[in-house]
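Spelled out, the chains give:
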Amino acid sequence: MEYVQERVTTLHALTDHRPDAPTDRAAVVVPMTEREYGTLAAERVLSTLETVDPARVIVPLRASADRAGPFADWLDGFDLDVETLWCDGPELASLLEARGLDGDRGKGRDVWLALGRALDEEFVVVHDADTKTYSPAFVNRLLFPLGEGYRFSKGYYARVEDGSLYGRLFRLFFRPLVRALGDAAPGREPDVLEYLSAFRYALAGEFAATSDLVSRLRVQRGWGLEVGTLGEAFGHAGFADSAQVDLGSYEHDHRSVEGPTGLADMSRAVGAATLRAVEDAGVDVDYDGLAEGYREAAETLVDGYATDAAFNGLSYDAPDERSQVATYAEALGEPGPDTRLPAWESARVDPDEVRAAAREDLDAVRGSDRIDGSVTGDAQAEPAPGED
(Lines give C-alpha, C1' and ligand atoms only; values in the text may rest on other atoms or scores of the structure.)
Protein backbone atom coordinates (compact mmCIF):
# COMPACT_ATOMS: atom_id res chain seq x y z
CA MET A 1 0.00 0.00 0.00
CA GLU A 2 1.40 3.41 -1.02
CA TYR A 3 1.45 6.07 1.68
CA VAL A 4 4.86 7.70 1.25
CA GLN A 5 5.09 11.33 2.41
CA GLU A 6 6.81 13.99 0.32
CA ARG A 7 8.27 17.24 1.66
CA VAL A 8 4.78 18.64 1.27
CA THR A 9 2.12 16.77 3.23
CA THR A 10 0.68 14.09 0.96
CA LEU A 11 -2.81 12.72 1.56
CA HIS A 12 -3.61 9.38 -0.06
CA ALA A 13 -6.95 7.96 -1.16
CA LEU A 14 -6.47 4.67 0.70
CA THR A 15 -10.24 4.22 0.99
CA ASP A 16 -13.36 5.66 -0.64
CA HIS A 17 -13.87 7.95 2.35
CA ARG A 18 -15.23 11.42 1.62
CA PRO A 19 -13.71 13.58 4.37
CA ASP A 20 -15.58 16.35 6.11
CA ALA A 21 -14.57 19.72 4.72
CA PRO A 22 -15.76 23.35 4.92
CA THR A 23 -17.64 23.31 1.61
CA ASP A 24 -20.19 25.80 2.96
CA ARG A 25 -17.40 28.37 3.32
CA ALA A 26 -15.88 27.84 -0.12
CA ALA A 27 -16.27 29.31 -3.58
CA VAL A 28 -15.66 26.87 -6.42
CA VAL A 29 -14.17 28.39 -9.60
CA VAL A 30 -14.80 26.35 -12.76
CA PRO A 31 -13.35 27.99 -15.90
CA MET A 32 -15.24 27.14 -19.08
CA THR A 33 -15.19 27.97 -22.75
CA GLU A 34 -18.12 27.82 -25.15
CA ARG A 35 -16.98 24.31 -26.13
CA GLU A 36 -18.16 23.04 -22.72
CA TYR A 37 -21.74 24.12 -23.44
CA GLY A 38 -24.05 21.17 -22.79
CA THR A 39 -21.28 18.55 -22.81
CA LEU A 40 -21.68 15.44 -20.70
CA ALA A 41 -18.51 16.22 -18.73
CA ALA A 42 -19.60 19.75 -17.80
CA GLU A 43 -23.12 18.52 -17.04
CA ARG A 44 -21.67 15.91 -14.68
CA VAL A 45 -19.43 18.45 -12.92
CA LEU A 46 -22.28 20.88 -12.29
CA SER A 47 -24.80 18.20 -11.29
CA THR A 48 -22.28 16.78 -8.85
CA LEU A 49 -21.59 20.21 -7.39
CA GLU A 50 -25.31 20.40 -6.60
CA THR A 51 -24.75 17.58 -4.11
CA VAL A 52 -21.62 19.26 -2.69
CA ASP A 53 -23.52 22.53 -2.17
CA PRO A 54 -20.61 25.00 -1.89
CA ALA A 55 -21.27 28.59 -0.85
CA ARG A 56 -20.88 29.77 -4.47
CA VAL A 57 -19.84 28.59 -7.91
CA ILE A 58 -18.12 31.08 -10.19
CA VAL A 59 -17.79 30.27 -13.89
CA PRO A 60 -15.36 32.52 -15.76
CA LEU A 61 -16.66 32.05 -19.28
CA ARG A 62 -14.76 32.54 -22.50
CA ALA A 63 -17.32 32.64 -25.29
CA SER A 64 -18.42 34.65 -28.30
CA ALA A 65 -21.29 37.11 -27.89
CA ASP A 66 -23.79 34.82 -29.59
CA ARG A 67 -22.95 31.93 -27.24
CA ALA A 68 -22.60 33.75 -23.92
CA GLY A 69 -26.30 34.31 -23.27
CA PRO A 70 -27.48 30.73 -23.93
CA PHE A 71 -24.52 29.44 -21.91
CA ALA A 72 -25.46 31.60 -18.92
CA ASP A 73 -29.10 30.47 -19.22
CA TRP A 74 -27.94 26.85 -19.17
CA LEU A 75 -25.83 27.45 -16.06
CA ASP A 76 -28.80 29.10 -14.34
CA GLY A 77 -30.71 25.86 -14.69
CA PHE A 78 -28.61 24.12 -12.05
CA ASP A 79 -29.54 24.17 -8.37
CA LEU A 80 -26.46 26.19 -7.46
CA ASP A 81 -25.57 29.76 -6.62
CA VAL A 82 -23.79 30.29 -9.96
CA GLU A 83 -22.16 33.54 -11.00
CA THR A 84 -21.42 33.55 -14.72
CA LEU A 85 -18.52 35.93 -15.32
CA TRP A 86 -18.39 36.53 -19.06
CA CYS A 87 -14.76 37.43 -19.74
CA ASP A 88 -15.03 38.61 -23.36
CA GLY A 89 -17.43 41.56 -23.27
CA PRO A 90 -16.61 45.16 -24.29
CA GLU A 91 -17.38 46.85 -20.94
CA LEU A 92 -15.05 44.50 -19.08
CA ALA A 93 -12.36 44.99 -21.71
CA SER A 94 -12.67 48.78 -21.41
CA LEU A 95 -12.46 48.61 -17.62
CA LEU A 96 -9.31 46.51 -17.66
CA GLU A 97 -7.71 48.68 -20.33
CA ALA A 98 -8.46 51.83 -18.31
CA ARG A 99 -6.71 50.28 -15.30
CA GLY A 100 -3.67 49.13 -17.27
CA LEU A 101 -4.66 45.47 -17.03
CA ASP A 102 -5.35 44.69 -20.66
CA GLY A 103 -3.10 42.27 -22.52
CA ASP A 104 -3.15 38.69 -23.67
CA ARG A 105 -6.25 36.70 -22.86
CA GLY A 106 -6.11 33.08 -21.79
CA LYS A 107 -7.23 30.59 -19.19
CA GLY A 108 -5.11 32.20 -16.48
CA ARG A 109 -6.55 35.64 -17.12
CA ASP A 110 -10.09 34.25 -16.90
CA VAL A 111 -9.33 32.42 -13.65
CA TRP A 112 -7.72 35.57 -12.22
CA LEU A 113 -10.93 37.53 -12.81
CA ALA A 114 -12.92 34.82 -11.02
CA LEU A 115 -10.47 34.61 -8.12
CA GLY A 116 -11.15 38.25 -7.34
CA ARG A 117 -14.86 37.50 -7.17
CA ALA A 118 -14.20 34.46 -4.93
CA LEU A 119 -12.41 36.41 -2.20
CA ASP A 120 -15.65 36.99 -0.28
CA GLU A 121 -15.52 33.34 0.86
CA GLU A 122 -13.01 31.88 3.31
CA PHE A 123 -11.71 29.24 0.91
CA VAL A 124 -11.40 28.93 -2.87
CA VAL A 125 -11.36 25.76 -4.99
CA VAL A 126 -10.36 25.79 -8.67
CA HIS A 127 -10.85 22.90 -11.07
CA ASP A 128 -11.58 22.23 -14.73
CA ALA A 129 -14.91 21.25 -16.28
CA ASP A 130 -13.74 18.57 -18.74
CA THR A 131 -13.41 15.76 -16.20
CA LYS A 132 -15.25 12.61 -17.22
CA THR A 133 -14.90 10.96 -13.79
CA TYR A 134 -15.86 13.88 -11.55
CA SER A 135 -16.79 12.88 -7.99
CA PRO A 136 -18.34 14.82 -5.09
CA ALA A 137 -15.31 13.73 -3.06
CA PHE A 138 -12.98 15.92 -5.14
CA VAL A 139 -13.99 19.23 -3.58
CA ASN A 140 -14.00 17.75 -0.08
CA ARG A 141 -10.54 16.26 -0.56
CA LEU A 142 -9.09 19.51 -1.90
CA LEU A 143 -10.62 21.49 0.97
CA PHE A 144 -9.82 19.06 3.78
CA PRO A 145 -6.21 20.23 4.34
CA LEU A 146 -7.41 23.85 4.56
CA GLY A 147 -9.79 22.89 7.33
CA GLU A 148 -6.78 21.39 9.11
CA GLY A 149 -4.80 24.63 8.97
CA TYR A 150 -2.91 24.38 5.66
CA ARG A 151 -3.07 27.33 3.27
CA PHE A 152 -2.62 25.60 -0.10
CA SER A 153 -3.75 22.24 -1.45
CA LYS A 154 -3.24 20.65 -4.87
CA GLY A 155 -4.78 17.56 -6.43
CA TYR A 156 -2.89 14.71 -8.05
CA TYR A 157 -3.89 11.55 -9.91
CA ALA A 158 -2.49 9.00 -12.34
CA ARG A 159 -3.17 9.62 -16.03
CA VAL A 160 -3.60 6.02 -17.23
CA GLU A 161 -6.37 5.73 -19.82
CA ASP A 162 -7.14 3.47 -22.76
CA GLY A 163 -4.24 1.19 -21.83
CA SER A 164 -1.66 3.98 -22.14
CA LEU A 165 0.21 6.55 -20.08
CA TYR A 166 -0.97 10.14 -20.50
CA GLY A 167 0.01 13.28 -18.59
CA ARG A 168 2.59 13.76 -21.32
CA LEU A 169 3.41 17.43 -20.76
CA PHE A 170 4.10 16.72 -17.10
CA ARG A 171 6.02 13.47 -17.66
CA LEU A 172 8.01 14.47 -20.72
CA PHE A 173 8.50 18.21 -20.22
CA PHE A 174 7.96 19.59 -16.73
CA ARG A 175 9.45 16.73 -14.72
CA PRO A 176 12.71 16.42 -16.70
CA LEU A 177 13.02 20.22 -16.86
CA VAL A 178 12.93 20.50 -13.08
CA ARG A 179 15.34 17.58 -12.76
CA ALA A 180 17.76 19.21 -15.21
CA LEU A 181 17.62 22.47 -13.26
CA GLY A 182 18.41 20.57 -10.07
CA ASP A 183 21.28 18.66 -11.68
CA ALA A 184 22.80 21.94 -12.87
CA ALA A 185 22.61 23.61 -9.46
CA PRO A 186 25.92 23.62 -7.58
CA GLY A 187 25.72 21.87 -4.22
CA ARG A 188 22.34 21.23 -2.59
CA GLU A 189 19.24 21.37 -4.78
CA PRO A 190 17.46 24.73 -4.26
CA ASP A 191 14.33 24.60 -2.13
CA VAL A 192 12.10 25.84 -4.93
CA LEU A 193 13.10 22.87 -7.10
CA GLU A 194 12.48 20.46 -4.23
CA TYR A 195 9.07 22.06 -3.79
CA LEU A 196 8.15 21.75 -7.47
CA SER A 197 9.43 18.17 -7.54
CA ALA A 198 7.38 17.19 -4.48
CA PHE A 199 4.07 17.60 -6.32
CA ARG A 200 3.11 14.39 -8.05
CA TYR A 201 1.13 16.12 -10.80
CA ALA A 202 2.30 19.72 -10.87
CA LEU A 203 0.26 20.54 -13.99
CA ALA A 204 -3.06 19.40 -12.55
CA GLY A 205 -5.70 22.12 -12.80
CA GLU A 206 -7.18 21.32 -9.38
CA PHE A 207 -6.15 23.31 -6.32
CA ALA A 208 -7.60 24.98 -3.26
CA ALA A 209 -6.33 27.80 -1.06
CA THR A 210 -7.38 30.18 1.66
CA SER A 211 -8.77 33.43 0.30
CA ASP A 212 -5.93 35.26 2.06
CA LEU A 213 -3.38 33.32 0.03
CA VAL A 214 -5.42 33.71 -3.16
CA SER A 215 -5.40 37.48 -2.69
CA ARG A 216 -1.57 37.36 -2.82
CA LEU A 217 -1.17 35.30 -6.00
CA ARG A 218 0.28 36.81 -9.15
CA VAL A 219 -1.37 34.86 -11.95
CA GLN A 220 -0.07 33.77 -15.32
CA ARG A 221 -2.34 34.84 -18.16
CA GLY A 222 -2.32 31.60 -20.14
CA TRP A 223 -1.28 27.95 -20.00
CA GLY A 224 1.37 28.65 -17.37
CA LEU A 225 -1.38 29.09 -14.77
CA GLU A 226 -0.84 25.84 -12.87
CA VAL A 227 2.92 25.90 -12.48
CA GLY A 228 2.89 29.66 -11.95
CA THR A 229 0.46 29.13 -9.08
CA LEU A 230 2.85 26.57 -7.59
CA GLY A 231 5.68 29.07 -7.75
CA GLU A 232 3.55 31.64 -5.93
CA ALA A 233 2.46 29.04 -3.35
CA PHE A 234 6.11 28.28 -2.65
CA GLY A 235 6.67 31.92 -1.76
CA HIS A 236 3.55 32.37 0.38
CA ALA A 237 2.87 28.90 1.85
CA GLY A 238 6.08 26.92 1.45
CA PHE A 239 6.52 23.31 2.51
CA ALA A 240 4.92 23.70 5.93
CA ASP A 241 1.58 25.12 4.75
CA SER A 242 1.16 23.12 1.53
CA ALA A 243 -0.46 19.75 0.92
CA GLN A 244 -1.36 17.54 -2.02
CA VAL A 245 -4.30 15.17 -2.14
CA ASP A 246 -5.01 12.03 -4.13
CA LEU A 247 -8.13 12.51 -6.26
CA GLY A 248 -8.12 8.91 -7.44
CA SER A 249 -9.47 8.21 -10.92
CA TYR A 250 -9.44 11.25 -13.19
CA GLU A 251 -10.04 11.24 -16.94
CA HIS A 252 -9.72 14.20 -19.32
CA ASP A 253 -9.94 14.52 -23.06
CA HIS A 254 -6.52 14.62 -24.70
CA ARG A 255 -4.69 17.23 -26.75
CA SER A 256 -2.59 16.67 -29.82
CA VAL A 257 1.05 17.73 -29.71
CA GLU A 258 0.91 20.13 -32.65
CA GLY A 259 -1.66 22.78 -33.51
CA PRO A 260 -2.63 26.17 -32.08
CA THR A 261 -3.81 24.72 -28.74
CA GLY A 262 -1.56 21.66 -28.74
CA LEU A 263 1.01 20.53 -26.22
CA ALA A 264 3.89 22.14 -28.12
CA ASP A 265 2.31 25.57 -27.67
CA MET A 266 1.47 24.80 -24.06
CA SER A 267 5.05 23.75 -23.36
CA ARG A 268 6.30 27.25 -24.16
CA ALA A 269 4.01 28.80 -21.57
CA VAL A 270 4.69 26.08 -19.00
CA GLY A 271 8.44 26.39 -19.55
CA ALA A 272 8.40 30.17 -19.20
CA ALA A 273 6.29 29.99 -16.02
CA THR A 274 8.56 27.32 -14.51
CA LEU A 275 11.72 29.25 -15.23
CA ARG A 276 10.23 32.49 -13.90
CA ALA A 277 9.22 30.75 -10.66
CA VAL A 278 12.74 29.39 -10.29
CA GLU A 279 14.32 32.78 -10.99
CA ASP A 280 11.93 34.48 -8.54
CA ALA A 281 13.30 32.16 -5.86
CA GLY A 282 16.86 33.29 -6.57
CA VAL A 283 18.12 30.42 -8.74
CA ASP A 284 20.56 31.31 -11.51
CA VAL A 285 19.65 29.33 -14.63
CA ASP A 286 22.32 28.26 -17.13
CA TYR A 287 20.33 28.83 -20.29
CA ASP A 288 23.21 27.82 -22.55
CA GLY A 289 23.18 24.26 -21.23
CA LEU A 290 19.51 23.98 -20.32
CA ALA A 291 18.19 22.27 -23.46
CA GLU A 292 20.89 19.62 -23.40
CA GLY A 293 20.39 18.96 -19.70
CA TYR A 294 16.65 18.68 -20.27
CA ARG A 295 17.08 16.18 -23.11
CA GLU A 296 19.39 14.00 -21.01
CA ALA A 297 16.95 13.97 -18.10
CA ALA A 298 14.02 13.25 -20.41
CA GLU A 299 15.80 10.34 -22.09
CA THR A 300 16.38 8.71 -18.70
CA LEU A 301 12.74 9.17 -17.77
CA VAL A 302 11.50 7.77 -21.11
CA ASP A 303 13.46 4.57 -20.41
CA GLY A 304 11.78 4.40 -17.01
CA TYR A 305 8.30 4.98 -18.42
CA ALA A 306 8.85 2.28 -21.04
CA THR A 307 9.81 -0.22 -18.35
CA ASP A 308 6.90 0.80 -16.12
CA ALA A 309 4.44 0.47 -19.01
CA ALA A 310 5.75 -3.00 -19.86
CA PHE A 311 5.52 -4.01 -16.18
CA ASN A 312 1.81 -3.08 -16.21
CA GLY A 313 0.99 -4.46 -19.66
CA LEU A 314 0.37 -0.99 -21.10
CA SER A 315 1.16 0.12 -24.63
CA TYR A 316 4.08 2.54 -24.95
CA ASP A 317 5.44 4.26 -28.05
CA ALA A 318 8.98 5.22 -27.05
CA PRO A 319 9.93 6.74 -30.45
CA ASP A 320 6.87 9.02 -30.31
CA GLU A 321 7.70 10.07 -26.76
CA ARG A 322 11.29 10.86 -27.77
CA SER A 323 9.94 12.88 -30.70
CA GLN A 324 7.87 14.90 -28.24
CA VAL A 325 10.95 15.50 -26.11
CA ALA A 326 12.73 16.96 -29.15
CA THR A 327 9.72 19.24 -29.80
CA TYR A 328 9.54 20.43 -26.21
CA ALA A 329 13.27 21.15 -26.09
CA GLU A 330 12.66 23.88 -28.66
CA ALA A 331 10.43 25.66 -26.12
CA LEU A 332 13.26 26.28 -23.68
CA GLY A 333 14.77 29.71 -23.31
CA GLU A 334 14.65 32.80 -21.12
CA PRO A 335 11.07 33.50 -20.04
CA GLY A 336 10.85 36.98 -21.56
CA PRO A 337 8.78 39.90 -20.24
CA ASP A 338 6.78 39.34 -17.07
CA THR A 339 3.11 39.68 -18.04
CA ARG A 340 1.60 38.20 -14.89
CA LEU A 341 -1.54 39.76 -13.53
CA PRO A 342 -1.10 41.41 -10.13
CA ALA A 343 -2.14 40.00 -6.79
CA TRP A 344 -5.69 41.07 -5.98
CA GLU A 345 -4.53 42.67 -2.73
CA SER A 346 -2.75 45.32 -4.81
CA ALA A 347 -4.71 45.28 -8.10
CA ARG A 348 -5.85 48.59 -9.57
CA VAL A 349 -9.39 47.32 -9.99
CA ASP A 350 -12.01 46.12 -7.54
CA PRO A 351 -13.71 42.72 -7.96
CA ASP A 352 -17.11 44.39 -7.67
CA GLU A 353 -16.22 46.59 -10.64
CA VAL A 354 -15.31 43.47 -12.59
CA ARG A 355 -18.63 41.89 -11.72
CA ALA A 356 -20.61 45.00 -12.67
CA ALA A 357 -18.90 45.31 -16.06
CA ALA A 358 -19.25 41.59 -16.83
CA ARG A 359 -22.92 41.67 -15.80
CA GLU A 360 -23.60 44.66 -18.04
CA ASP A 361 -22.00 42.84 -20.96
CA LEU A 362 -23.96 39.65 -20.32
CA ASP A 363 -27.25 41.47 -19.85
CA ALA A 364 -26.68 43.23 -23.17
CA VAL A 365 -26.18 40.03 -25.16
CA ARG A 366 -29.04 38.29 -23.36
CA GLY A 367 -31.34 41.16 -24.26
CA SER A 368 -30.23 41.02 -27.88
CA ASP A 369 -30.84 37.27 -28.01
CA ARG A 370 -34.39 37.66 -26.73
CA ILE A 371 -35.23 40.49 -29.14
CA ASP A 372 -34.01 39.02 -32.41
CA GLY A 373 -34.38 35.32 -31.53
CA SER A 374 -31.20 34.59 -33.46
CA VAL A 375 -29.64 32.42 -30.76
CA THR A 376 -31.28 29.34 -29.36
CA GLY A 377 -30.48 27.29 -26.29
CA ASP A 378 -29.43 24.25 -28.29
CA ALA A 379 -26.34 25.83 -29.87
CA GLN A 380 -23.43 23.55 -29.11
CA ALA A 381 -19.75 23.46 -29.95
CA GLU A 382 -17.44 20.49 -30.11
CA PRO A 383 -16.14 19.23 -26.75
CA ALA A 384 -12.99 20.93 -25.51
CA PRO A 385 -9.73 19.06 -25.87
CA GLY A 386 -8.15 18.05 -22.57
CA GLU A 387 -4.84 19.12 -21.09
CA ASP A 388 -2.89 16.27 -22.67
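As a reminder, the structure under discussion sits directly above these lines.
Our subject in this report is the structure included herewith.

What counts as what
Every chain's residues receive numbers from 1 upward, in the order its sequence appears when written. Two thresholds apply to this predicted model, a pLDDT of at least 70 for residue-level local features and 80 or more for giving and counting side-chain atom pairs, whereas whole-chain, interface and lining totals are computed over all residues. Each side-chain value is derived from all of the structure's non-hydrogen atoms; neither hydrogens nor water enter the calculation. Runs of E in the DSSP output that reach at least two residues are strands. Runs of H or I that reach at least four are helices, and both are numbered from the N terminus. The buried label applies to any residue whose accessible area, calculated with a 1.4 Å probe on protein chains only, is under 20% of its type's maximum; exposed applies above 50%, and partly exposed to all values in between. We call two residues contacting when some pair of their heavy atoms lies within 4.5 Å. Geometry is summarised by axes, namely lines fitted to C-alpha atoms with helices restricted to the contacting stretch, and by angles between N-to-C directions that run from 0 to 180 degrees. Each angle gets one of four labels, with under 35 degrees taken as roughly parallel, over 145 as roughly antiparallel, 65 to 115 as roughly perpendicular, and the rest as oblique. Throughout, a crossing is termed right-handed when the near helix is turned clockwise from the far one, and left-handed when it is turned anticlockwise from it by less than a right angle. The nonpolar class holds Ala, Val, Leu, Ile, Met, Phe, Trp, Tyr, Cys and Pro. Asp, Glu, Lys and Arg form the charged class, and all remaining residues, Gly among them, are polar. Pairing of aromatic rings covers Phe, Tyr and Trp, the last through its six-membered ring, and needs centres within 6.5 Å; plane angles under 30 degrees mean stacked, over 60 mean edge-to-face, and all others mean tilted. By definition, being over a ring means that NZ of Lys or CZ of Arg is both within 6 Å of the ring centre and within 35 degrees of the ring normal. Any Lys or Arg side-chain nitrogen located within 4 Å of an Asp or Glu carboxyl oxygen qualifies as a salt bridge. What qualifies as a polar contact is a pair of N or O atoms within 3.5 Å, subject to a donor-acceptor requirement within protein and to the restriction that residues adjacent in sequence count only when both atoms come from side chains. Cavities and pockets are found on a 1 Å grid laid over the protein atoms alone: a cavity is a set of points where a 1.4 Å probe fits but cannot escape, a pocket is an open set with protein on both sides within 12 Å along at least five of seven lines, and a lining residue has an atom within 4 Å of such a point. Grid points are joined across faces, edges and corners, and a volume is the space filled by probe spheres set on the points. Residues belong to a common nonpolar core when they are buried Ala, Val, Leu, Ile, Met, Phe, Trp, Tyr or Cys residues joined through side-chain atoms within 4.5 Å. One bridge is not enough; two strands pair if DSSP finds at least two bridges between them.

1. Here we look at the side chain of Glu121
Mapping Glu121 onto the fold places it in the loop between α4 (107-118) and β6 (123-126). Judged by its relative accessible area of 17%, Glu121 is buried. Sequence-distant contacts of Glu121, defined by excluding residues within four places in its chain, comprise Arg25, Ala26, Ala27, Ala55, Arg56 and Ser211.

2. Topic: the packing of helix α6 (residues 168-184) against helix α11 (residues 287-311)
Two elements in contact, α6 and α11, have axes separated by 8 Å at closest approach and are oriented at 120°. With respect to α11, the axis of α6 lies oblique. For the element pair α6 and α11, the recorded crossing hand is right-handed. Of the residues in α11, those touching α6 at Arg171, Leu172, Phe173, Arg175, Pro176, Leu177, Arg179, Ala180 and Leu181 are Leu290, Gly293, Tyr294, Ala297, Ala298, Thr300, Leu301, Val302 and Tyr305. When its residues are assigned to classes, the contact of α6 with α11 shows 13 nonpolar, two polar and three charged.

3. Regarding the packing of aromatic side chains
Under the defined criterion, the tally for this structure stands at 17 aromatic pairs. Relative to Phe138, the ring of Tyr134 lies with its centre 5.5 Å away and its plane at 85°, an arrangement referred to as edge-to-face. Judged by centre distance (6.4 Å) and plane angle (75°), the rings of Phe152 and Phe199 are edge-to-face. Of this pair, Phe152 sits in strand β7 (residues 152-156) while Phe199 sits in the loop between α7 (191-198) and β10 (207-210), placing them 47 residues apart in sequence. For Phe152, a relative accessible area of 1% gives the class buried. Three or more aromatic residues joined by ring pairs form one cluster here, namely Phe152, Tyr195, Phe199, Phe207, Phe234 and Phe239. The positively charged end of Arg7 is found above the aromatic ring belonging to Phe239, 3.7 Å away from the centroid. One cation-aromatic arrangement involves Arg171 over Tyr305; the distance from NZ or CZ to the ring centre is 4.7 Å.

4. Let's talk about the pattern of salt bridges
Opposite charge on two side chains permits pairing when their charged atoms draw close. Applying the stated criterion across every chain yields a total of 30 salt bridges. The shortest N-O distance in the salt bridge between Glu34 and Arg67 comes to 4.0 Å. Remark: Arg67 occurs in helix α2 (residues 65-76) and Glu34 occurs in the loop between β3 (32-33) and α1 (40-52); sequence separation between them is 33 residues. Two residues, Arg340 and Asp338, come together in a salt bridge whose shortest N-O distance is 2.8 Å. Taking relative accessible area as the criterion, Arg340 reaches 14% and is therefore assigned buried. Several salt bridges share partner residues, and in doing so they unite Arg56, Glu83, Arg117, Glu121, Asp352 and Arg355 into one network.

5. What to know about helix α5 (residues 137-147)
Buried residues dominate α5, accounting for nine of its eleven residues. Those residues of α5 lying buried are Ala137, Phe138, Val139, Asn140, Arg141, Leu142, Leu143, Pro145 and Leu146. Where α5 terminates, the next one or two residues include Gly149, which has phi positive at roughly 105°.

6. Here's the deal with the side chain of Arg117
Along the chain, the position of Arg117 falls in helix α4. Within the local environment of Arg117, its side chain forms a polar contact with the side chain of Asp352, the two groups lying 3.0 Å apart. Beyond its immediate sequence surroundings of up to four residues, Arg117 is in contact with Arg56, Ile58, Glu83, Leu85, Pro351, Asp352 and Arg355.

7. Some details on unusual backbone geometry
Positive phi outside glycine occurs at Asp53, with the angle close to 55°. Within the secondary structure layout, Asp53 lies in the loop between α1 and β4 (56-62).

8. Notes on empty space enclosed by the protein
Summed over the entire model, instances satisfying the criterion amount to two cavities of 30 Å³ or more. In this structure, the second largest cavity occupies an estimated 40 Å³ of space. Every residue lining the second largest cavity is listed: Arg218, Gln220, Gly228, Gly231, Glu232, Ala273, Ala277, Asp280 and Arg340. Put simply, the parts of the chain that give the lining of the second largest cavity at least two residues each are α9 (225-236) and α10 (263-280).

9. Some words on the nonpolar core
Met32, Leu49, Trp112, Leu115, Phe152, Phe174 and Tyr294 are the most contacted members of the largest nonpolar core, which totals 119 residues. With near-sequence residues (within four places) excluded, Trp112 lies in contact with Leu101, Val219, Leu341, Pro342, Trp344, Ala347 and Val349.

10. So, the packing of α9 against α10
At a minimum axis distance of 8 Å, the contact between α9 and α10 shows a crossing angle of 10°. By the angle between their directions, the pair α9 and α10 is classed as roughly parallel. When α9 is examined against α10, the residues Val227, Gly228 and Gly231 are found in contact with a partner set consisting of Val270, Ala273, Thr274 and Ala277. For the contact of α9 with α10, a count of residues per class yields four nonpolar, three polar and no charged.

11. A look at the layout of surface pockets
Estimates place the volume of the largest pocket at around 650 Å³. Taken together, 26 residues form the lining of the largest pocket, with Ala158, Phe170, Arg171, Arg200 and Tyr305 sitting closest to its centre. At the level of elements, α6, α7 and α11 are the ones that each hand at least two residues to the lining of the largest pocket. Tallied by class, the residues present in the lining of the largest pocket amount to 14 nonpolar, three polar and nine charged.

12. Considerations on the pairing of strand β5 (residues 82-86)
Burial of β5 is extensive: five of the five residues sit out of reach of the surface. Residue alternation in β5 divides its side chains into two sets, Val82, Thr84 and Trp86 and Glu83 and Leu85, and both sets are buried. Direction of pairing for β4 relative to β5: parallel, over a ladder of five bridges. Bridging across to β5, Leu61 finds its partner in Trp86.

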